[in-house]
Amino acid sequence: MNGVFAHLTPTGLGPWGDGMARLVLQPLDLLLLVTLVLLAVQSARPWMDRLGLVLPLSWLLGGLVGLGVGKEWPLALPCTALVTVVAMVVSLGLVLRIGDRLLLGSTAGLGFFFGLAAGSSLAGHGGALAALLGEAVAIAVLTALLLMALAPPHPRWLTLGLRVMGSWIAASGLLMLGWQSRHPF
Amino acid sequence: MAARRRPLALAAAEPQDRARHDEGSCRPSVQRRPSPLLPALVAAVLSPAAAWAHADGHPGGGGFVAGFLHPISGLDHVVAMVAVGLWGAVLGPPALWVLPVAFPMVMAFGGLLGLLGVPIPGVEIGIALSGLVMGLMVLFEIRPPLGLAAVIVAAFALFHGHAHGSELPAGSNALLYSLAFVMATGLLHLMGILLGETRRWPGGRRFVQAAGAAVAMVGLWFLEQALR
């Protein structure tokens, strides 16, 4: 097991609960979620409301494909790189220069890719499907809560805070990339 | 300066004054208070840190606590990062947030280089110089253009990041280590900003200049050590 794509940690709540807990215990999926929410609330466009639907669904679809593959793919490095790039977009405030379709497509693509990584890492576990569904529900709930809490318009300090948070995630991702290069899993 | 003080003056004004101010605006205010859910969500998002803090099976390796303590374990790093916030406060917006955003990103890039084994000459001298130079900037309230200030801070961040990256231990919770590491750095910047904001108060300007002088002295001491 590695810290980037942790397999299931037993919580005593069954596969469903293990899957929900995986989101909290598995930082990279959580970082993707937070980063995409930051991206969405910066854009202040109607599609922001769709993020709560697009992200969990694309993630679940990717997860199902990953489960179907039946073996673990080494996707930690590209996933870290993707989170880093998106977080840089957030921190630099470049989102206003990106078109709606590209934003929506990127969100769906990222959700699918991360779901694929999660699904392939869960393949072979007992109750993998229930765990996958549990994590997808957790993603949907947390995304909705974050979107509700961070919905624009923002006070000035929060606008800056969102960018700072993006820069922190991007910086963590950069360090993580170096780490994974030095200590490949 | 007047524009920066206006909200404070408004906050201190009587309620009827504030109402008059709102009536005078062309459109109704669209700003709203952040949701009370926010603190709970922040706590929820940070909860993995608590969950994993004691799950580190690598003594001295990469957990949240180890990552958080790493940047604050060296005085040379601490003073430089606080100085970034102080200088940002002296420069005012937008440098107030541009510098603390630029520093962690470039520092992490330096860390990436360090982790990849890419050598940067004179890292210790660069770190010592960062404290000295930024301390002097705060002391003399030097206000270069924003781009130049960002380049100066970024250049020094590269040295700090390289040193940190070279020291990062192997561990299973690498991402939590990195996150905590960056958060600690950001909080040091925030401490500098808050100290710098005391310039609004009587005597605050002298206090910030004194803090800059202290940072410069520490930087000078480390420079002398590095050049030995």
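Read on for an overview of the structure. (Residues numbered from 1 in each chain as written. Chains lettered and ligands numbered in written order. Predicted model: local features only at pLDDT ≥ 70, side-chain atom pairs only at ≥ 80, totals over all residues.)

Digging into the overall build of chain B
To keep things clear, this is the line we draw: We count a stretch as a helix when DSSP gives it H or I for four or more residues in a row; a strand needs E for two or more, and each element gets its number in order from the N terminus. Throughout, a residue-residue contact means that the two C-beta atoms, derived from backbone geometry, are no farther apart than 7 Å.
Regarding its fold elements, chain B presents ten helices and zero strands. Its helices and strands in sequence order give chain B the pattern α-α-α-α-α-α-α-α-α-α, from N to C terminus. Within chain B, residue pairs in contact and separated by at least 24 positions form 87% of the contacts whose partners lie at least 6 positions apart.

Brief notes about the nonpolar core
Test applied: Any nonpolar core is a set of buried residues, restricted to Ala, Val, Leu, Ile, Met, Phe, Trp, Tyr and Cys, that join up through C-beta atoms within 7 Å. Put plainly, a residue is buried at 20 or more neighbouring C-beta atoms within 10 Å of its own, exposed at 12 or fewer, and partly exposed in between, counting only other residues' C-beta atoms, which are placed from the backbone.
Counting residues in hydrophobic clusters, the biggest one holds 120 residues, and the most contacted among them are A:Leu36, A:Val37, B:Ala83, B:Trp87 and B:Val138. Ranked by residues supplied to this core, first place goes to helix α6 (residues 95–116) of chain B with 13 residues.

Focus on the environment of B:Arg143
All names here are of chain B. Within the fold, arginine 143 resides in the loop between α7 (123–139) and α8 (146–167). Classification of arginine 143 as partly exposed rests on a count of 14 C-beta atoms within 10 Å. Spatially, the C-alpha atoms of arginine 143 and glycine 92 are 9.5 Å apart, while their sequence positions differ by 51 residues.

Digging into unusual backbone geometry
All names here are of chain B. At the junction of proline 93 and proline 94, the peptide bond is cis and its omega measures out at 0° in the coordinates. Locating proline 94 in the fold gives a position in the loop between α5 (75–91) and α6. Even without being glycine, glutamate 141 reaches a positive phi, approximately 50°.

Some details on the packing of helix α2 (residues 27–43) of chain A against helix α6 (residues 128–149) of chain A
All names here are of chain A. How we decide: For helices, the fitted axis covers only the stretch in contact; all axes are lines through C-alpha atoms, and the angles between them, taken along N-to-C directions, range from 0 to 180 degrees. Note on convention: the crossing is left-handed when the near helix lies turned anticlockwise from the far helix by less than a right angle, right-handed when the turn is clockwise. Ten residue types, Ala, Val, Leu, Ile, Met, Phe, Trp, Tyr, Cys and Pro, are classed as nonpolar, four, Asp, Glu, Lys and Arg, as charged, and the remainder, Gly among them, as polar.
Look at α2 against α6: their axes get within 10 Å of each other, and the N-to-C directions meet at 35°. Judged by the twist between their axes, the crossing of α2 over α6 is right-handed. Between α2 and α6, the residues in contact are Leu33, Val37, Ala40 and Val41 and Ile139, Leu142, Thr143, Leu146 and Leu147, respectively. Classifying every residue of the contact of α2 with α6 gives eight nonpolar, one polar and no charged.

Side note on the packing of α6(B) against α8(B)
A pair of packed helices is captured by two measures, namely the crossing angle of their axes and the spacing between those axes. Between α6(B) and α8(B), whose axes approach to 6 Å, the crossing angle comes to 35°. In the packing of α6(B) onto α8(B), the handedness of the crossing is right-handed.

Digging into helix α4 (residues 76–92) of chain A
Spelled out, the test is: To estimate the expected span of a helix, count its residues, drop one, and scale the result by 1.5 Å.
For α4(A), with 17 residues, the first-to-last C-alpha span of 24 Å sits near the 24 Å given by 1.5 Å per residue. For α4(A), the set of buried residues is A:Ala76, A:Cys79, A:Thr80, A:Leu82, A:Val83, A:Thr84, A:Val86, A:Ala87, A:Val89, A:Val90 and A:Ser91. Summarising the contacts, the buried residues of α4(A) are in contact with α2, α5 (100–122) and α7 (156–182) of chain A together with α6 of chain B.

So far we have only geometry, and geometry alone does not tell us how the molecule works.
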